[in-house]
Amino acid sequence: MTDAIALLVVVPIVLALVPIALGRLWDGAGWVAAALAALAHLGLSVTVAAKVFSTGRFTYAVGDYTPPFGIELVTDGISATLVVLVSVVTVAVVLYARRTGPDSNSFYSELLLLTAGISGVFVTGDVFNLYVFIEITGLATYALVATGRSPAAALASLKYLLVGTIGASLYLLGVGYLYIATGTLNMADLSTQLQAVGYDSPLVLTGFALLVVGLAVKSALYPLHTWQPGAYAESPDSVTAYISALVSTAAAYALFRLVYAVFTPAFDAAVPFALDALVLLASVSVVVGSVLAVLQSDLKRMLAYSSVAQFGLVIAGFSVANATAVTGGLVHLVGHAVMKAGLFVGVGVLAGVAGGRTVDDLAGVADRAPVVSAAFAILAFALVGVPPAVGFAGKWHIVLGAVEGGRWGVAAVAVVSTLLTLAYFARVVERMYFQDAPAATTDTVSGPDATATADTDSALTPDGGESGSESTDDAKTTGGSGITIEARTVVVAAAVGAVVLGLFASDLIAVFEPVLEVYFQ
Amino acid sequence: MTEIDSLRPLAAVLLPALGILTIVASHRRPNVREGFTILTALGTFGLVASLVPATLAGTTHVSRLGTFVPGIDLTLSADPLGMIFALLASALWLVTSFYSIGYMRGLDEHSQTRYFAAFAGSVGAALGVAFASNLVALYVFYELLTVATYPLVAHDESDTARKAGRKYLTYTFGGGVAVLAGTVLVFWTTGTVAFTPGGIAELATADPVVARAAFALLAGGFGVKAALIPVHSWLPDAMVAPTPVSGLLHAVAVVKSGVFGVARVVLDVFGPETVGDLGVGLPLAAIAAVTIVVASIIALRQDNLKRRLAYSTISQLSYIVLGLGLLSPAALVGGLLHIPAHAFMKLTLFFCAGAIHVETHTDDISDMAGIGKRMPVTMAAFAVASVGMAGLPLVAGFVSKWYLLIGSLDAGNAIFAGVLLVSGLLNVGYFWPIVYQAFFQTPEDADSKPLVEFPIGGARVRTDGGERSESGEQSEDVERDASGSEPETAGSEEVPINAAEPVDSEVDPDVEPSESEGDIEVDARVEEDGEYAVDRHPSDHLGDEATDDGTDSHDADSHEGTSLAEADTDDHHEHHGGPPAAGWERRGFGEESTWFMLGPITVAAAGAVALGLLPRGMVFLALVQRVVAEATGVVF
């Protein structure tokens, strides 16, 4: 049904009201609503994807108002894939948050709002509508970060609020400039109108600059990334997993659509300086993000800076204006979402087992959490770029595209990024596997035994002091080691997904190809 | 050359992966777990061996796994060059599995499941490298090999081991990065990365700057694992790993994968003709020649046996690269034949070193005088392998060296023949003393080893003309402190020692005290004015032997870690090893060690001899000749 594409946004919004409405009467309303919404979203996204893969790109006029005056929703191979990604991540996080993260009605409400916002970003075909959905996403995220309940979380949320709103406002200004220049807000229409106006018109150039800067803030590109480490580190684990996978992804996707659907490669041909500047910024982001990640001792901050670097890589791929590099950027976008979500959930689990959140706290944790540690190691090496996992596929295309485009600097940076990523992941893996746990001398306290001797050594308390919602009842269901089944499933599924995506990368690329062909005619 | 679709190359790569699962699953039952290792090794060897007749006949078995990235398929094909490496890796894995069992149990090592699982993974990745049919597939398995071997390098979990692991990852991933860059360049210029015997045609006509850059990146990237100078220094540090790892991986699988990569680049990506036209063959041969000589000279100065073997490996690997760089058919044959030849010989040597470590806890050559009495079969095998390393006839090393000598003369560069001959002499120089002192000397009358004992440049002279050595100063400090209460941090290597407290892992590994030692033994240990190495390091083996027999893995691990820490001879190093106070005891045939270790030692030595006596009969030479015939068109 063609309404599925609109329902992708509507269903989560409507179901977001349920926890608020029924929250007084029934405590479990939140989770049930979220679960229903996640499943419905999954069904809808699969329907949309099936339609796109069989018949190709299609559009939907909201409220039956015809574009360019009405709002248009568009789905092609790229957005269909990303919408499915949203569903999968939502299902995973809803599952995970039940026992680990905040289990409150307000949390689920905000999560569903966020789902709606992100889905909207991926399916919209109108630049102002994009702003609306970016704002919905932002507002929901500010609230979700604040559910961390600590002063640091509140501060991080406030910082994110301020910086994010400035970014969104810059984006809005850019939209305004484009509107003044062309009189339309529809993406497809804009592309023709902008060409008519002329790409070197100051209005157009300023609009582009504002749009790019605004979206760079939202996707946390250096030096506009300062909100991200705090937001990721202080929010609850389930929130971090969700927002790291999807929020910056949405912003980067928006950037992609703007550069190629609205401004088109013709703009790059007319004003090469624009994308050159973006390439430079992105490359710097890769290097600086990795260096900053190495300097971190807090695991979640380290992963946050890692995101800065990885998104630098993605946007570098987008800015080298040829099909290969853009393909690489898109593949890495999808792959990174899967890997980062898995890594954050893994970090949450391991930090709980180890009793601390820094790199050094993870010493010897592989003995106590073998499955999750193995999955974490696989995800880490996948992000480094070890084939056949998906990290390699994206990198290969970005490097190849850069070489094809004669951009040797980008190629060198992308290739060296492997070593940079290795720098901060290798020490974590080394601590996990090749160092002994500090409190345990020769024997490592094994899971089931620990519950009996839990009073002796608090550092090894198996029910994981960090995540507040665990109780001793959970020890029975978690097998005594403090790791919930859901958490383990999510991390392992992410690891498997990263490898499978890598092996079938060429199929993923085949989905993206028709779209890029149109752009690069 | 006909191709047929077959599952066997894929099965050969997947079987070790399956082995990982079974090994991990049976972690609670060590005997079952070891059984799975043996079974997997046997199965893999069987699969690979079953492919040999077809490859010799000219039929290549190919497993197509579909497109990996657009334009590049993931395909495994059992072509002759791949078969050389695959046959070698799988056969020697079988031998090493038995040895591993004896070694790990002899030392009562920790984390054996992780060890055996990572071993299986490494061999599986090595087989993937062997059978890969294009540069990208090779890169995939190359990186997986790095990831799989890292847990083995850092196995000890000591500070030294972790440092060595970090260095290993940095170097090998750095090499991988260079390979990736080179692969991208090749793909961009020619549109293909498939291995074509004789070289990819388009590279001959491509822009020479790009082609040279691609060659440099590829050869350099693979050269890291092939331990070419100056990117070789990860290898001596990786000797902190357990000896079967040093033997199979860092003498056979990992380093040979690097050389194999260079071989693929020279023969199947660029082709000998294009390499010659581009003029990059001679620089490669020159770097190899420098590595051969310099590494041998460094080896002369190593007292630790495994480090000496490591530098010998670095030197011998460059025989192969030299052959590949010289490009003449005879040189190519010699270089490629040295892959299995060196593998058998070096594995024997490493096995001997490991057996000595397990049985007597001796790691340093200066402690091994007269050890032939204690370990006759081991030292005999050592002697045989050393003869081969020097290139003397009847053992494998001679055949490959012969071809290399002919090849260098063919190529018109007699200097490389000179390098090979000098290298042979140097090999004798660093192996002969070990063999001679083992059989013909005793701990009391062992010859001094000035190359090992003295600092570079000779003993230093004091400004007032009197003679002093660095060690003399420190022994003064030690004596002064010994008269006091506790030894304090004097000199560069003393640390406060408190036998009652558990050992801090931050302690300088040079003088890592054991819990069983008190102050006096430490002082005795660090005295430095004896003339002979044995005097300078008086054996407290007798006192420690009682504790060592019941030693827990911590001691063994720390011992392995510390013995690697010295780079100079006047360092203080820990001594559990060396002959007992009464001298080495005589052991009869088969009584010196477990057959888990002696068996593989004799098999490997026998293999080295067999390869020397019947090179074609042992299949490898026939495969090599096929490879060279396909690559150059010359049947040698």
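That block above? That's the structure.
Residues numbered from 1 in each chain as written. Chains lettered and ligands numbered in written order. Predicted model: local features only at pLDDT ≥ 70, side-chain atom pairs only at ≥ 80, totals over all residues. Heavy atoms only, no water.

Caption draft 1: Here's a closer look at helix H17 (residues 390-404) of chain A. All names here are of chain A. With 15 residues, H17 ought to run about 21 Å at 1.5 Å a step, and its terminal C-alpha atoms sit 21 Å apart, in line with that. In terms of residue burial, H17 counts as a mostly covered element, since 14 of its 15 residues are buried. Phi turns positive one or two residues past the end of H17, at Gly406, with a value near 75 degrees. (Helix = DSSP H or I, 4+ residues; strand = E, 2+ residues; numbered from the N terminus. Expected span 1.5 Å × (residues − 1). Buried < 20%, exposed > 50% of the residue type's maximum accessible area, 1.4 Å probe, protein only.)

Caption draft 2: Representation of the nonpolar core in the model. Within the largest apolar cluster, 374 residues are counted, with the highest numbers of intra-cluster contacts made by A:Phe256, A:Trp396, B:Phe270 and B:Leu336. When residues no more than four places from it in sequence are discounted, the contact partners of A:Phe256 are A:Ile78, A:Ala261, A:Phe318, A:Val326, A:Leu330, A:Leu516 and A:Tyr519. (Core = buried A, V, L, I, M, F, W, Y, C linked by side-chain atoms within 4.5 Å. Contact = heavy atoms within 4.5 Å.)

Caption draft 3: Fine view of the interface of chain A and chain B. Each side of the interface is counted separately: chain A has 29 residues, and chain B has 31 residues. The contact between chain A and chain B buries some 2800 Å² in all, and 80% of this surface belongs to carbon and sulfur atoms. Area buried by chain A at its contact with chain B is led by A:Trp396, A:Glu430 and A:Phe434, which between them contribute 26% of it. One salt bridge connects B:Arg166 with A:Glu430, and the closest N-O pair in it is separated by 2.7 Å. The interface formed by chain A and chain B contains four residue pairs in polar contact (both at pLDDT 80 or more). (Buried area = accessible area lost by both parts, 1.4 Å probe. Salt bridge = Lys/Arg side-chain N within 4 Å of Asp/Glu carboxyl O. Polar contact = N/O pair within 3.5 Å; in protein donor to acceptor, adjacent residues only side chain to side chain.)

Caption draft 4: Structural detail: the pairing of strand E3 (residues 72-77) of chain B. Residue and element names in this part refer to chain B. With respect to burial, E3 is a largely interior element, five of its six residues being buried. In this structure, strand E2 (residues 59-69) lies alongside E3, joined through five bridges in antiparallel fashion. Directly across from Thr67, in E3, lies its bridge partner Asp73. Turn length for the E2-E3 hairpin, with the two strands adjacent in sequence and antiparallel, is two residues, and the turn residue Gly71 shows positive phi of about 95 degrees. (Pairing = 2+ DSSP bridges.)

Caption draft 5: Fine view of the pattern of salt bridges. Considering all chains together, one arrives at 20 salt bridges over all chains under this definition. A salt bridge links B:Asp79 to B:Arg264; its shortest N-O distance comes to 2.7 Å. Here B:Asp79, found in the loop between E3 and helix H3 (80-107), pairs with B:Arg264, found in helix H10 (residues 243-278); they are 185 residues apart in sequence, far enough to count as distant. For the residue pair B:Asp79 and B:Arg264, the accessibility class agrees, reading buried in each case. What emerges from the salt-bridge pattern is a single network uniting A:Asp360, A:Glu430, A:Arg431 and B:Arg166.

Caption draft 6: Layout of helix H25 (residues 620-632) of chain B. Residues and elements named next belong to chain B. Over its 13 residues, H25 extends 18 Å from the first C-alpha to the last, a length consistent with the 18 Å expected when each residue adds 1.5 Å. All buried positions along H25 are accounted for by Phe620, Leu621, Ala622, Leu623, Val624, Gln625, Val627, Val628 and Ala631. Buried positions along H25 lie against helix H2 (30-57), H3, H10, helix H13 (329-360), helix H16 (396-410) and helix H24 (595-613). Downstream of H25 by one or two residues, Gly633 has phi in the positive range, about 85 degrees.

Shape is all these values report; function is a separate question.
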